[in-house]
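# Coordinate inspection notes
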Amino acid sequence: GKFSVVVLSTMLYCAEFITAAVMCSTYQKSDDRIWMGCTITFMLFPAVLIQLALTFIHRDLGRDRPLVLFLHLLLLGPVIRCLEALVMYFKAGKKEEPYVTISRRIRLKKGQQTPMEWEIGQLERNLAAHRDAFKRATVIQAFLGSTPQLTLQLYATIQEKYILPLRLALMIITLISITYGALVCNILAIQIRYDDYKLRLRPAAYICMIVWRGLEIATRITALVLFSTALTHWIILFWARKGSLAENVEKNLSKLGTTVVLCMFTLLYACINIFCWSAVQLDLTHRELIEKRQRWDRLALYYIGRFLENFLLITLWYFFKSDFYEYVCAPLLVVQLLVCYGLAVLFMLLFYQFFHPCKRLFKYNVHDCLHCVCCRKRDSSLGSRRGKPSYSNAATMVLIEDPLDTQNTQPLDPAILQGDQETAILDDSMDAA
């Protein structure tokens, strides 16, 4: 339901924070100061950012709410916010209240677009603000806390050559948190791009996205950790995009505040793209800081490049792996990782082809793009054959009767007709991309 995002985000935040704190205590008892220090860092850093994000979104600094601010200082902001939203949720609909705004959306059903509008009261508006705030907090927790935490714990497990039950529980919680954060990223991207439409995702769409994101993130982190255990010298790649501040971005912020927010936004965007597809493109020159247009060429280039990069990392690990992996079938592990990433791409294509809530608004879908690529390859092969006449080419010539004059016939090559038509389709699809 609409309230599930608040409850699930709070549960994941508390579960990861408590498990990481207990893990730090275990590291302290075993005198593992490096693991303990890194675990504390990846536990506290996202927690502090979440408190700041929730306070900033709800604008509590200018309001007289000392208890809420005190709980934020104790890193319990999500808990008190969840309780507030819970009270609002049970109060909603019990008494009639005057509306404060009217929402207008277009409903898509079986290809038909139906305009809709409904009144929104103050209580429902506040509950929507809580949901939006927790969505942002979930993304921060997932990619600034859970991803480095999972990478660290997996690396520590391989280095120490044994699995602690508590560390395994922490890795499972962080993987769930990352997958859920990536799922929220997808939903936010769809809502931003199709802001005028009332969206509704089917259960099959959620299942498809969960499998897609889970496999993508798990294989990516495993490839990075395996590579780091085999080669101690890291090569860090930074993707930079120049841009000036958009106009009126600092409308409600100071210059320093605007700079801090943009820096954190850029850091979050970079961390997301390291581990998975961000679903939105950062554009600092745009007023909303993101690019709303769907770029299929960037999506294709990202996954092709990421697949090649994962293949390179796993290959380097295979040739420089330590003696610890003698009891592991390394070739089988390499194949499993590549197959899992391929399955992630497959589920992504299935989502955009069959389960995207606005797939009827696409001018060209996944099937059209793949069909056009195959057409181009076939046209090139046919062109090479036409350059060398043979008896097989002559056999494809047929006689087409003119419907106006049955006496005159002329030989035409159906492959040429089909090739011209498919080439036109290909040109249109490439223009749309």
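Residues numbered from 1 in each chain as written. Predicted model: local features only at pLDDT ≥ 70, side-chain atom pairs only at ≥ 80, totals over all residues. Heavy atoms only, no water.

### With respect to the nonpolar core
- Counting 75 residues, the largest nonpolar core has Val139, Phe143, Trp212, Tyr303 and Phe351 as its most contacted members.
- Not counting chain neighbours up to four residues away, the residues in contact with Phe143 comprise Pro148, Ile178, Gly181, Ala182, Cys185, Leu268, Cys271, Ile272 and Cys276.
- Within the second largest apolar cluster, 10 residues are counted, among which are Cys24, Tyr27, Met36 and Leu152. (Core = buried A, V, L, I, M, F, W, Y, C linked by side-chain atoms within 4.5 Å. Buried < 20%, exposed > 50% of the residue type's maximum accessible area, 1.4 Å probe, protein only. Contact = heavy atoms within 4.5 Å.)

### Examining the environment of Ile190
- Along the chain, Ile190 turns up in helix 6 (residues 165-193).
- A residue is classified by how much of its surface remains accessible, and Ile190, at 7% relative accessible area, is buried. (Helix = DSSP H or I, 4+ residues; strand = E, 2+ residues; numbered from the N terminus.)

### Observations concerning the UniProt feature "transmembrane region" (unreviewed entry) in the protein chain
- With numbering matched to this structure, UniProt assigns "transmembrane region" (unreviewed entry) to residues 34-57, 69-90, 168-189, 210-236, 256-280, 300-320 and 332-355.
- For residues 34-57, helix accounts for 100% and strand for 0%, while the C-alpha atoms at its two ends are 35 Å apart.
- In residues 168-189, helix accounts for 100% and strand for 0%; the two terminal C-alpha atoms are 32 Å from one another. (UniProt positions renumbered as here; feature names shortened; annotations may be inferred.)

### Concerning the packing of aromatic side chains
- Counting across every chain of the model gives 12 aromatic pairs.
- Centroid distance Tyr302 to Tyr303: 5.3 Å. Interplanar angle 85°. Geometry classified as edge-to-face.
- The class of Tyr302 is buried, set by a relative accessible area of 13%.
- Look at Tyr303 and you get buried, because its relative accessible area is 5%.
- Ring centres of Phe351 and Tyr352 lie 5.4 Å apart, and the angle between their planes is 70°; this geometry places the pair in the edge-to-face category. Per residue, the accessibility class of Phe351 equals that of Tyr352, and both read buried.
- Cluster of aromatic residues (ring-pair linked, three or more members): Trp277, Tyr302, Tyr303, Phe307 and Tyr341.
- In this structure, Arg167 packs its charged tip against the face of Tyr162, placed 5.8 Å from the ring centre. (Phe/Tyr/Trp six-rings, centres within 6.5 Å; stacked < 30°, edge-to-face > 60°. Lys NZ or Arg CZ within 6 Å of the ring centre and 35° of its normal.)

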